Amino acid sequence: MKFGKNEYLRWYREMMLIRRFEEKAAQLYGQQKIKGFCHLYIGQEAIVAGMVTAMHKDDKVITAYRDHGHALALGVSADAVMAELYGKATGCSGGKGGSMHMFSKEHNFVGGHGIVGAQIPLGAGLAFAEQYNGTKNVSITFFGDGAVRQGALHEAFNMAMLWKLPAVFICENNEYAMGTSVARTTNLLDIYKIGSAYDMPSFQVDGMKCETVHEAVYEACERARRGDGPTFLEIKTYRYRGHSMSDPASYRSKEEVADYKSKDPIETTKATILSKKYASEKELDEMEEEILTLVNKSVEFAESSPYPDADLIYKHNYVEDGYPFIAD
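Residues numbered from 1 in each chain as written. Predicted model: local features only at pLDDT ≥ 70, side-chain atom pairs only at ≥ 80, totals over all residues. Heavy atoms only, no water.

Trainee: Help me understand the environment of G125 in this model?
Mentor: Relative to the assigned elements, G125 resides in helix α5 (residues 119-132). Owing to a relative accessible area of 40%, G125 belongs among the partly exposed residues under this scheme. Sequence-wise, G125 and A26 are 99 residues apart; in three dimensions their C-alpha atoms are separated by 34 Å. (Helix = DSSP H or I, 4+ residues; strand = E, 2+ residues; numbered from the N terminus. Buried < 20%, exposed > 50% of the residue type's maximum accessible area, 1.4 Å probe, protein only.)

This is the structure we're talking about:
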């Protein structure tokens, strides 16, 4: 595929927004303004940036608890994501979800999920709904390399292939399930090969480049839209920070982290933009300043927003209650 100025500038902006937002979230967590669990997406931004240019706006996306980047890439406002981190009523899940449970019906983001691997059969269910309703929409399900060990993945893969569901399953393989490396949990280091047991088209993808992610996700979505069933993508990536804010990541060497940082997707995308003269250094600096202003304003918005009313604890527990989620 050929990519031009619009794609590269969008990728750069999406990744820069996620990076600066997550850095601010880390700072606020250290100040104890954000509490509870918090899993950052720093280093993995090329995956969601490449995805959003490859999918259709009516496709559904579901993921695990490292979900801030997915929400932002799909168009949920920085205000709504930051307010959710603060547990405020103006958050995208009404302040009741927090870091691990971002959600936006408006943006077809069916949530972050805190139970490891639980979103995988839910993603298959989303695909079944689209097939049943006769749409051409696709369900895109994200999970980590640790979730691959869950039996629910194999049940979902079997059903998805049996019924040729319009699903794309994406393993964001950042090489560590919490602090345990892939090599310590399996003798099959190429995770994508698991799909071969179900005759599912399966591929390994470089997740440090928006281009390769876009190509793989686009082809998988088109396969699903044609009625040819699901695809499994193992997207190789790396998180620069620990598993969560409470993880010092001492199980990794400095050399390993430095090696991946040398392939930083933001820097390589920036280099392409400059070499092709899609924008000047000054214009990219101005874009970053604009993003920093946006992120700082999201903090002001979150801090000035009210907490949810206490009686809401009894609402939105069943589908007949409707959705608590605000429109951005």
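Back to the text.
Trainee: Whenever I open this one, the side chain of E234 confuses me. Can you help?
Mentor: By secondary structure assignment, the location of E234 is in strand β7 (residues 231-236). An unpaired buried charge is present at E234: no salt bridge exists, and K236, the closest side chain of opposite charge, is 4.3 Å distant. Polar side-chain contacts of E234 include one of 3.1 Å to the backbone nitrogen of I191. Beyond its immediate sequence surroundings of up to four residues, E234 is in contact with C171, N173, L189, D190, I191, Y192, F203, Q204 and V205. (Lys, Arg positive; Asp, Glu negative; His and termini not counted. Salt bridge = Lys/Arg side-chain N within 4 Å of Asp/Glu carboxyl O. Polar contact = N/O pair within 3.5 Å; in protein donor to acceptor, adjacent residues only side chain to side chain. Contact = heavy atoms within 4.5 Å.)

Trainee: How should I be thinking about the nonpolar core in this particular structure?
Mentor: In a soluble, globular protein the nonpolar side chains are often hidden away together inside. Within the largest apolar cluster, 73 residues are counted, with the highest numbers of intra-cluster contacts made by M51, M82, I140, V217 and L233. With twelve residues, helix α1 (residues 5-30) is the largest single contributor of residues to this core. Residues within four places of L233 in sequence aside, it is in contact with V168, F169, I170, C171, F203, V205, A216, V217 and A220. Among the nonpolar cores identified, the runner-up in size contains 20 residues, and A127, V148, L165 and I191 belong to it. (Core = buried A, V, L, I, M, F, W, Y, C linked by side-chain atoms within 4.5 Å.)

Trainee: Would you explain the sheet that holds strand β2 (residues 139-144) in this entry?
Mentor: The strands making up a sheet associate through backbone hydrogen bonding, with each pair oriented either parallel or antiparallel. Here five strands make up an open sheet; going across it, the order is β1-β2-β3-β7-β6 and the pairing parallel. The open sheet terminates on both sides in strands that have one partner only, identified here as β1 (60-62) and β6 (202-206). Strand-to-strand, the axes of this sheet are offset by a mean angle of 20°, without reference to chain direction. Note that β2 and strand β3 (residues 167-173) share six bridges and pair parallel. Directly across from F143, in β3, lies its bridge partner C171. (Pairing = 2+ DSSP bridges. Axes fitted to C-alpha atoms, helices over the stretch in contact; angles between N-to-C directions.)

Trainee: How should the packing of aromatic side chains be read in this particular structure?
Mentor: Centre-to-centre distance and the angle between the planes together describe a pair of aromatic rings. Taken as a whole, this structure holds eleven aromatic pairs when the rule is applied. Their ring planes at 65° and their centres at 5.0 Å tell us that F3 and W11 sit as a pair that is edge-to-face. You'll find F3 and W11 in the same group, each marked buried. Measuring from ring centre to ring centre gives 5.7 Å for F128 and W163, while their planes differ by 50°; the resulting arrangement is tilted. One end of the pair, F128, is in helix α5; the other, W163, is in the loop between α6 (151-162) and β3, and 35 residues separate them in sequence. You can call F128 partly exposed: its relative accessible area is 37%. Of the residues examined, W163 reaches a relative accessible area of 41% and is grouped as partly exposed. Each residue in the set F143, F157, F169, Y198 and F232 is aromatic and connected to the rest through ring pairs, giving one cluster. (Phe/Tyr/Trp six-rings, centres within 6.5 Å; stacked < 30°, edge-to-face > 60°.)

Trainee: Hey, could you run me through the packing of helix α4 (residues 78-85) against helix α10 (residues 281-304) in this one?
Mentor: For any two helices packed against each other, one specifies the crossing angle of their axes together with the interaxial distance. Running from N to C, α4 and α10 point in directions that differ by 50°, and their axes come no closer than 8 Å. Taken together, the axes of α4 and α10 are oblique relative to one another. In this structure, α4 meets α10 at a crossing whose hand is right-handed. Between α4 and α10, the contacting residues are A78, D79, M82 and A83 on the first element and L294, K297, S298, V299, F301 and A302 on the second. (Parallel < 35°, antiparallel > 145°, perpendicular 65-115°, else oblique. Left-handed = near helix turned anticlockwise from the far one by under 90°.)

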